[in-house]
Amino acid sequence: MAIDFVIPAGLHVDDAVRVAEDLVASGFEGEATLDVAILDRNSVGSDAERLVRAMLSEHGIEVQVTGEEDARYGVLLRAFGYWDLSIRYLEESFYARIPEWDDQDPLDRALVTMLDERDHATTPAERDAVVRRMRAVVRKHVAAG
């Protein structure tokens, strides 16, 4: 849910409400979580954003308000490395911003190499192994938050 704030599709309020309802049903009764649990699932994302951010904060997840592409990319990197964000979200942003080879930092080069390796893998198990290594490399280069 936190990553919804930085991926192009945006916040899915219905998902946030379901999570809040599950938390309340399991006994968690934080005020911000209750506020989200009572939202209409068809609420507009921009109307619910403040409430969902407060709920996430209540659970120790701080989501930066990002406007710049580099800041958004940093959030995606952390989500990929630490929260198991799908590779497809990272890959799109990565290829959109990747500098020329001579201008790449060690993380960029490692990801370029591993994405190529993943593209040439012949089995799902091989591709999954490359993605696990990519997550480890991201964790090595990017702080958790």
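Preceding this paragraph is the structure being described.
The paragraphs below set out a description of the structure included in this document. Bear in mind that the values here come from a model prediction, so they are computed numbers and not experimental data.

1. Digging into the overall build of the protein
Then comes step 1: On a plain count of helices and strands, the protein comes out with seven helices and zero strands.
Then comes step 2: Listing each helix as α and each strand as β along the protein from the N terminus yields α-α-α-α-α-α-α.
Then comes step 3: Buried positions account for 39% of the 145 residues belonging to the protein.

2. Examining the environment of Tyr89
Then comes step 1: Within the secondary structure, Tyr89 sits in helix H5 (residues 87-97).
Then comes step 2: Tyr89 sits in the partly exposed class, given a relative accessible area of 25%.
Then comes step 3: Sequence spacing of Tyr89 and Tyr73 is 16 residues, and the spatial spacing of their C-alpha atoms is 10.0 Å.

3. As for the pattern of salt bridges
Then comes step 1: Scanning the entire structure with this criterion turns up nine salt bridges.
Then comes step 2: For Glu117, the salt bridge identified is with Arg133, shortest N-O distance 2.7 Å. One end of the pair, Glu117, is in helix H6 (residues 106-120); the other, Arg133, is in helix H7 (residues 124-141), with 16 residues separating them in the sequence.
Then comes step 3: Ionic contacts of the salt-bridge type, sharing partners, join the residues Asp14, Asp15 and Arg18 into one network.

4. Looking at the nonpolar core
Then comes step 1: Core analysis: the biggest nonpolar cluster contains 19 residues, and Leu77, Phe80, Leu90, Leu107, Leu111, Met134 and Val138 have the highest contact counts within it.
Then comes step 2: Broken down by secondary-structure element, the contributors of at least two residues to this core are helix H4 (69-83), H5, H6 and H7.
Then comes step 3: Setting aside residues up to four positions removed in sequence, Leu90 forms contacts with Tyr73, Leu76, Leu77 and Phe80.
Then comes step 4: Counting 13 residues, the second largest nonpolar core, distinct from the first, contains Ala20, Ala32, Leu39 and Leu51.

5. Notes on unusual backbone geometry
Then comes step 1: For Asp84, which is not glycine, the phi torsion reads 60 degrees and is therefore positive.
Then comes step 2: Position of Asp84 among the secondary structure elements: in the loop between H4 and H5.

6. Notes on the packing of aromatic side chains
Then comes step 1: In this structure the tally under the stated criterion is one aromatic pair.
Then comes step 2: When the centroid spacing of 5.5 Å and the interplanar angle of 65 degrees are considered together, the rings of Phe94 and Tyr95 count as edge-to-face.
Then comes step 3: Taking relative accessible area as the criterion, Phe94 reaches 1% and is therefore assigned buried.
Then comes step 4: Relative accessible area serves as the criterion here: at 43%, Tyr95 is assigned to the partly exposed category.
Then comes step 5: Directly above the ring of Phe80 sits Arg135, whose terminal nitrogen or CZ lies 4.3 Å from the centroid.

Rules of the game
- Residue positions are given per chain, counting from 1 as you read along its sequence in written order.
- The predicted nature of this model means local features are confined to residues of pLDDT at least 70 and side-chain atom pairs, given and counted, to a pLDDT of 80 or more, with totals for whole chains, interfaces and linings taken over all residues.
- Just so you know, side-chain values use all the structure's heavy atoms and leave hydrogens and water out.
- We count a stretch as a helix when DSSP gives it H or I for four or more residues in a row; a strand needs E for two or more, and each element gets its number in order from the N terminus.
- Note on classification: 1.4 Å probe, protein chains only; a residue is buried when its accessible area is under 20% of the maximum for its type, exposed when over 50%, partly exposed between these limits.
- A carboxyl oxygen of Asp or Glu within 4 Å of a side-chain nitrogen of Lys or Arg is what we treat as a salt bridge.
- In these notes, a set of buried Ala, Val, Leu, Ile, Met, Phe, Trp, Tyr and Cys residues joined through side-chain atoms within 4.5 Å is what counts as a nonpolar core.
- Whether two residues are in contact is decided by their heavy atoms, any of which lying within 4.5 Å being enough.
- In this scheme Phe, Tyr and Trp rings, the latter by its six-membered ring, pair at centre separations within 6.5 Å, and the angle between planes marks the pair as stacked below 30 degrees, edge-to-face above 60, and tilted otherwise.
- By definition, being over a ring means that NZ of Lys or CZ of Arg is both within 6 Å of the ring centre and within 35 degrees of the ring normal.

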